[in-house]
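# Fold and geometry: a report
Each chain is listed here by its residues.
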Amino acid sequence: MVTHPADVQLSSALDVSAIRKEFPILDQRVNGHRLVYLDSAASSQKPRAVVDSIRRYYETSHANVHRGLHTLSMRATEAYEAARRKVADFIGAADPCEVVFVRSTTEAINLVAASWGPVNVGEGDEILLSVLEHHSNIVPWQLLAQRVGAKLKYVEIDGEGRLQLDQLRELLTERTKLVAVTHVSNGLGTINPVREIVDAAHQAGALVLVDGAQGAPHLPLDMQALGADFYTLSGHKMCGPTGIGVLWGKAELLEEMPPYEGGGEMIEVVERDRSTYKSTPHKFEAGTPNIAGTIGLGAAIDFLNDVGLDRLVHHEREIIAYALERTRDIPGFHGFGPASDRAAVLSFELSELHPHDLAQFLDSRGIAVRAGHHCNQPLMRSLGVNATTRASFYLYNDKDDVDALCEALSDSLDFFEVKPPPSPPSPS
Ligand code: PMP
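Residues numbered from 1 in each chain as written. Predicted model: local features only at pLDDT ≥ 70, side-chain atom pairs only at ≥ 80, totals over all residues. Heavy atoms only, no water.

The next subject is the overall build of the protein chain. Helix and strand counts for the protein chain come out as 15 helices and 17 strands. For the protein chain, the C-alpha radius of gyration of 23 Å lies close to 22 Å, the compact-globule estimate for 428 residues. Its C-alpha atoms give the protein chain principal-axis dimensions of about 85 × 60 × 35 Å. By residue count, 54% of the 428 residues in the protein chain fall in the buried class. For the protein chain, long-range pairs separated by at least 24 residues make up 71% of all intrachain contacts whose partners lie at least 6 apart in sequence. (Helix = DSSP H or I, 4+ residues; strand = E, 2+ residues; numbered from the N terminus. Rg over C-alpha atoms; globule rule 2.2 N^0.38 Å. Buried < 20%, exposed > 50% of the residue type's maximum accessible area, 1.4 Å probe, protein only. Contact = heavy atoms within 4.5 Å.)

Attention now moves to the nonpolar core. Core analysis: the largest hydrophobic core is formed by 73 residues, its most contacted members being Ile 91, Phe 101, Val 179, Met 238, Leu 304 and Leu 395. At ten residues, the largest contribution of residues to this core is made by helix H11 (residues 291–307). The residues contacting Ile 91, other than those within four sequence positions of it, are Val 99, Leu 221, Asp 222, Met 223, Leu 233 and Trp 248. Phe 333, Leu 350, Leu 405 and Leu 409 belong to the second largest nonpolar core, which has 27 residues in total. (Core = buried A, V, L, I, M, F, W, Y, C linked by side-chain atoms within 4.5 Å.)

The next subject is helix H4 (residues 71–91). Side chains three or four residues apart in an α-helix point the same way, a direct result of the helix having 3.6 residues per turn. When the terminal C-alpha atoms of H4 are compared, their 30 Å separation across 21 residues agrees well with the 30 Å that a helix rising 1.5 Å per residue should span. Taken together, the buried positions of H4 are occupied by Ser 73, Ala 76, Thr 77, Tyr 80, Glu 81, Ala 83, Arg 84, Val 87, Ala 88, Phe 90 and Ile 91. Just past H4, the residue Gly 92 takes up positive phi, approximately 65°. (Expected span 1.5 Å × (residues − 1).)

Scanning the model with the defined rule gives 22 salt bridges in all. For the salt bridge of Asp 401 with Arg 20, the shortest nitrogen-to-oxygen distance reads 2.6 Å. A residue pair is termed long-range when its members are at least 10 positions apart, and Asp 401 in helix H15 (residues 399–415) and Arg 20 in helix H2 (residues 16–21) qualify at 381 residues. Overall, the relative accessible area of 2% leaves Asp 401 in the buried class. The partner of Asp 39 in a salt bridge is Arg 370, with the nearest N and O atoms 3.2 Å apart. Of the two residues, Asp 39 sits in the loop between strand S3 (36–37) and helix H3 (48–60) while Arg 370 sits in strand S16 (residues 370–372), which places them 331 residues apart along the sequence. For Arg 370, a relative accessible area of 38% puts it in the partly exposed group. (Salt bridge = Lys/Arg side-chain N within 4 Å of Asp/Glu carboxyl O.)

Structure below.
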């Protein structure tokens with residue numbers, strides 16, 4: 001019998017084997033082994049409900065949105081706008097008009113940099129980032145800074161991989177226009193104290209953009225409580241399809257911002273030499289949007305709500321605590337990131353093994369991990385490494401997956417004939 005996620009809610013802990021049955025892709029063998037998928041920070045897998053919602057939409061309701069007066073177009077429009085309301089509820093937005101559908105977190109950040117940026121950031125102004133940032137929360141600001149003559153500053157991390165908040169406060173000046181920080185680090189799993197950062201930034205007169213690509217899939221969200229000005233997310237990291245993401249912004253900010261792209265859907269009246277625009281969010285959604293993607297994202301949100309975000313958080317805490325405990329015994333294992341209060345992301349080095357070799361070995365055991373700089377080159381430099389191996393866990397992973405990883409890591413030491421590290425000198 002297939003357990004519906006709603007049934008899973010009956011027990012207090014996550015029933016991972018029931019959840020796994022909702023993800024058909026996980027039910028396969030890779031290289032002769034059970035697939036152990038530990039790359040959800042790069043992209044999560046999709047439950048059947050999401051895949052079905054997209055198929056159902058194309059089979060019963062597809063037409064272009066907003067323009068048509070026929071039944072299918074109205075049905076598609078209703079489904080598209082219903083997805084917007086679901087996102088708004090999920091993130092605790094004050095109003096669905098604050099939810100702009102974009103392609104991804106990357107596009108959301110580029111939208112703010114291209115639209116809000118040149119109007120609000122000028123020569124000599126400062127944008128404050130952190131070394132934890134993904135390239136998609138660095139490069140758009142570099143492009144803006146180069147265009148307007150602004151300066152980028154970076155908050156460093158401490159030995160555990162947490163942001164140095166004292167330094168953040170010191171780096172804030174009257175020239176700081178924006179603080180752009182990640183909610184959760186994809187490289188280390190650090191969960192940033194966003195509320196504290198927002199309070200400090202606002203006190204200095206700066207706005208705050210939070211990169212929520214790793215926050216939205218794993219943490220309950222409330223935009224009112226978080227207090228930030230912009231928040232971004234990517235559907236594909238939270239059980240939804242690729243090609244759909246969200247920019248949330250405070251309504252008054254979005255209303256003031258000029259359009260990002262021009263085209264159909266975003267206009268009211270088009271003259272030969274000028275146009276007037278719709279209000280937000282439609283002003284930012286030029287052209288035919290990813291209708292199927294929004295519907296799939298809505299289904300993903302239903303799925304996550306059925307599972308329960310609080311229980312998801314609890315489960316992930318258990319998994320990462322177990323992984324930290326188990327990996328401690330593996331000779332030559334060196335993990336990065338905070339010892340506690342962190343997301344279920346495990347970045348590590350194993351002896352002198354190259355992360356790519358290790359990832360290939362793990363793949364030969366059916367274990368999917370990521371190896372490289374994780375689009376975190378400034379962070380890698382801060383850590384003094386070129387690359388790490390990263391295992392990232394989600395709601396369909398359990399302790400068996402951690403055990404499979406640890407066993408394969410131990411075996412890799414034999415496979416690559418790694419000599420055991422010298423034992424510490426005995427006390428004289
Ligand atoms: N920020 C963070 C923290 C991420 O982990 C990622 C994806 N790895 C991104 C931004 C970019 O997301 P996307 O590729 O979906 O735009």
